[in-house]
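Summary of structural features
The residues making up each chain are set out below.
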Amino acid sequence: MRIEFAATRSRTAASRFISVYDGDGKYPKNQITCDKLRALPPEQQLPGIIAAIIGNQSWTHPDCDECGIYVDVAITLGEESGDGITVCLPCLKGSAAALAAAQSAMANLLQATGETT
Ligand SMILES: [Zn+2]
């Protein structure tokens, strides 16, 4: 399990974007974006500013695999298996509530049938 922060991802967002698009010649707009990112002072390399320059949050913010929304903070579960899933807090709370309800229903069923775990 690992906590993902937009602030952390943003520290490398400009350099990652530049490494992909600088000088590729395919999209002039991306070169303009690279030039803007390169000129950005370190103290202004913040998630909102970088996302505004790039035009989206995909380079700066973690996105929730459940609801698809970019968030400031998320958690990645199961990364040890290589197939981790990143989830925002509202989706994690919803999942926990669904799991608790299922566990309660299972306990009630076992009690009604006289079975124990
Ligand atoms: Zn979510």
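Residues numbered from 1 in each chain as written. Predicted model: local features only at pLDDT ≥ 70, side-chain atom pairs only at ≥ 80, totals over all residues.

**Looking at the overall build of the chain**
Across its full length, the chain holds four helices and three strands. Written out in order from the N terminus, the α and β elements of the chain read β-α-α-α-β-β-α. Against the globule reference of 13 Å for 117 residues, the chain gives a C-alpha radius of gyration of 21 Å, more extended than a compact globule. Scored against the burial criterion, the 117 residues of the chain give a buried share of 19%. Summarising the internal contacts of the chain: among those between residues at least 6 apart in sequence, 43% fall at separations of at least 24. (Helix = DSSP H or I, 4+ residues; strand = E, 2+ residues; numbered from the N terminus. Rg over C-alpha atoms; globule rule 2.2 N^0.38 Å. Buried ≥ 20, exposed ≤ 12 C-beta atoms within 10 Å, placed from the backbone. Contact = placed C-beta atoms within 7 Å.)

**Re the packing of helix α1 (residues 6-21) against helix α3 (residues 47-54)**
Orientation of α1 relative to α3, taken along the N-to-C sense of each, is 35°, at an axis distance of 9 Å. Classified by chirality, the crossing of α3 by α1 is left-handed. Residue-level contacts link Ala6, Ala7, Ser10, Ala13, Ala14 and Phe17 of α1 to Pro47, Ile50 and Ile54 of α3. Classifying every residue of the contact of α1 with α3 gives eight nonpolar, one polar and no charged. (Axes fitted to C-alpha atoms, helices over the stretch in contact; angles between N-to-C directions. Left-handed = near helix turned anticlockwise from the far one by under 90°. Nonpolar A, V, L, I, M, F, W, Y, C, P; charged D, E, K, R; others polar.)

**Some thoughts on the pairing of strand β2 (residues 73-77)**
Of the pairings in the sheet, the one linking strand β1 (residues 2-5) to β2 comprises four bridges and is antiparallel in character. Each residue of the ladder has a partner; that of Glu4, found in β2, is Ala74. (Pairing = 2+ DSSP bridges.)

**Quick notes on the nonpolar core**
Listed in full, the nine residues of the largest apolar core are Ala13, Ala14, Phe17, Cys34, Leu37, Ile50, Ile53, Ile54 and Trp59. The contacts of Ala14, once residues within four sequence positions are left out, are Leu37, Leu40, Gln45 and Ile50. In terms of nonpolar packing, the next biggest core, distinct from the first, is built from six residues, Cys64, Val71, Ala74 and Cys91 among them. (Core = buried A, V, L, I, M, F, W, Y, C linked by C-beta atoms within 7 Å.)

**As for the domain arrangement of the chain**
Partitioning the chain into structural domains gives domain 1 (1-61) and domain 2 (63-117). Taken together, the contacts link eight residues of domain 1 with 11 residues of domain 2. Sorting elements by how many residues they give to the side of domain 1 that touches domain 2 places β1 first, with four residues. Of the residues contributing to the side of domain 1 that touches domain 2, the split by class is four nonpolar, two polar and two charged. (Domains from an automatic or database assignment.)

**Some thoughts on the sheet that holds strand β3 (residues 85-87)**
Across the sheet, which stays open at both edges, the three strands sit in the order β1-β2-β3 with antiparallel pairing between neighbours. Since the sheet does not close on itself, it has two edges, and those belong to β1 and β3, each with one partner. With direction set aside, neighbouring strand axes in the sheet form an average angle of 30°.

**Considering α3**
Working note: α-helix, 3.6 residues per turn, so residues spaced by three or four point in the same direction. Turning to α3, its buried residues number three or more, namely Pro47, Ile50, Ile53 and Ile54. Angular distribution of buried residues about the axis of α3 spans 135°; they occupy a single face of the element. Residues of α3 that are buried sit in contact with α1 and α2 (28-39). Following α3 by one or two positions, Gly55 has its phi on the positive side, about 105°. (Arc of directions from axis to C-beta.)

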